[in-house]
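Commentary on secondary and tertiary structure
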Amino acid sequence: MGILKHRRKLIVNREVQYDALMFVGLFVTGIFLAQVIAGWVLVSKLEEKALAGEYGSMSIAEFIARHKVMFLMNEFIVVAVCLVAGFYLTNRVTSKIVGPLFNIRRIINKATRHEESAEVVEIKLREGDYFQDLAKDLNVALQKKSK
């Protein structure tokens, strides 16, 4: 019996935590892969120029000194684009979490303020929102309270 009552400490809501971890993992992986691809494209372009003889007999130190700003700008642009995409995705995921919680709190506050009114209060969530099961359970409790 003790095992059944033991509250999970790491995974409380599988759906929400899994999606959040997936988006974070995809975000970090996306930034890494974008940097690798951008670096590979830049280095291959520089290699083509070096093989064509555009740089003459330039030493490695001179080559790095000449192209490090271009390489850093290339990486900066990739990271900036990935950050913008990451902020957008994070906003989408958190709105699926925070929006329902805000709506549930608003409806519960409305139900507690209007105890004597005959108005039936119901929690309505958007289709892709999390906590649908919680909203259904609370709607059942609110309907029983209003009767």
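What you see is a predicted model, and the numbers here were worked out from it, not measured in a lab.

Attention now moves to the nonpolar core. If you look at the biggest cluster of nonpolar residues, it comprises eight residues: I104, I107, A111, V121, I123, L125, A135 and L142. For this core, the secondary structure elements donating two or more residues are α3 (60-113) and α4 (132-146). Ranked by the residues each element gives to this core, the list is headed by α3, at three residues. Among all residues touching L125, those that are not within four sequence positions of it are P100, N103, Y130, F131, Q132 and A135. Listed in part, the five residues of the second largest apolar core include V16, V93, Y130 and F131.

This brings us to the environment of L125. Summarising the element assignment, L125 is placed in the loop between α3 and α4. A relative accessible area of 18% places L125 in the buried class.

Bringing the pattern of salt bridges into the picture now. Across all of its chains, the model carries one salt bridge by this definition. Its salt-bridge partner being R126, residue D129 comes within 3.0 Å of it at the nearest N-O pair. The partly exposed category is assigned to R126, whose relative accessible area is 48%.

This part is about the side chain of N103. Topologically, N103 is positioned in helix α3. Take N103: its relative accessible area is 11%, and that puts it in the buried class. Not counting residues within four places of it along the chain, the set of residues in contact with N103 comprises I123, K124 and L125.

Let us now look at a nonpolar patch on the surface. A contiguous nonpolar surface patch, about 630 Å² in accessible area, is contributed by F32, L33, V36, I37, W40 and V41. Among the secondary structure elements, F32 is positioned in helix α2 (residues 14-51). Residue classification places F32 among the exposed residues on the basis of a relative accessible area of 52%.

Bringing unusual backbone geometry into the picture now. In this structure, F131 takes a positive phi of about 65 degrees despite not being glycine. Mapped onto the elements of the fold, F131 is located in the loop between α3 and α4. The exposure class assigned to F131 is buried, which follows from its relative accessible area of 15%.

With 38 residues, α2 should reach 56 Å at 1.5 Å per residue; the first-to-last C-alpha distance of 54 Å fits that figure. Following α2 by one or two positions, G53 has its phi on the positive side, about 85 degrees.

The subject of this paragraph is the confidence of the model for the chain. Across the chain, the average pLDDT comes to 78, with 83% of residues at 70 or higher. Of all secondary-structure elements in the chain, the lowest mean pLDDT belongs to helix α1 (residues 2-5), at 50, while α4 reaches the highest, 86.

A word on the environment of V98. Relative to the elements of secondary structure, V98 occurs in helix α3. The sequence separation of V98 and D129 amounts to 31 residues, and the corresponding C-alpha distance is 9.2 Å.

Rules and cut-offs
- Residues numbered from 1 in each chain as written.
- Predicted model: local features only at pLDDT ≥ 70, side-chain atom pairs only at ≥ 80, totals over all residues.
- Heavy atoms only, no water.
- Core = buried A, V, L, I, M, F, W, Y, C linked by side-chain atoms within 4.5 Å.
- Buried < 20%, exposed > 50% of the residue type's maximum accessible area, 1.4 Å probe, protein only.
- Helix = DSSP H or I, 4+ residues; strand = E, 2+ residues; numbered from the N terminus.
- Contact = heavy atoms within 4.5 Å.
- Salt bridge = Lys/Arg side-chain N within 4 Å of Asp/Glu carboxyl O.
- Patch = residues over 30% accessible without salt bridge, like charges linked within 9 Å, V, L, I, M, F, W, Y side chains within 5 Å.
- Areas by Shrake-Rupley, 256 points an atom, 1.4 Å probe, with all protein chains shown as cover.
- Expected span 1.5 Å × (residues − 1).
- pLDDT = per-residue confidence, 0-100.

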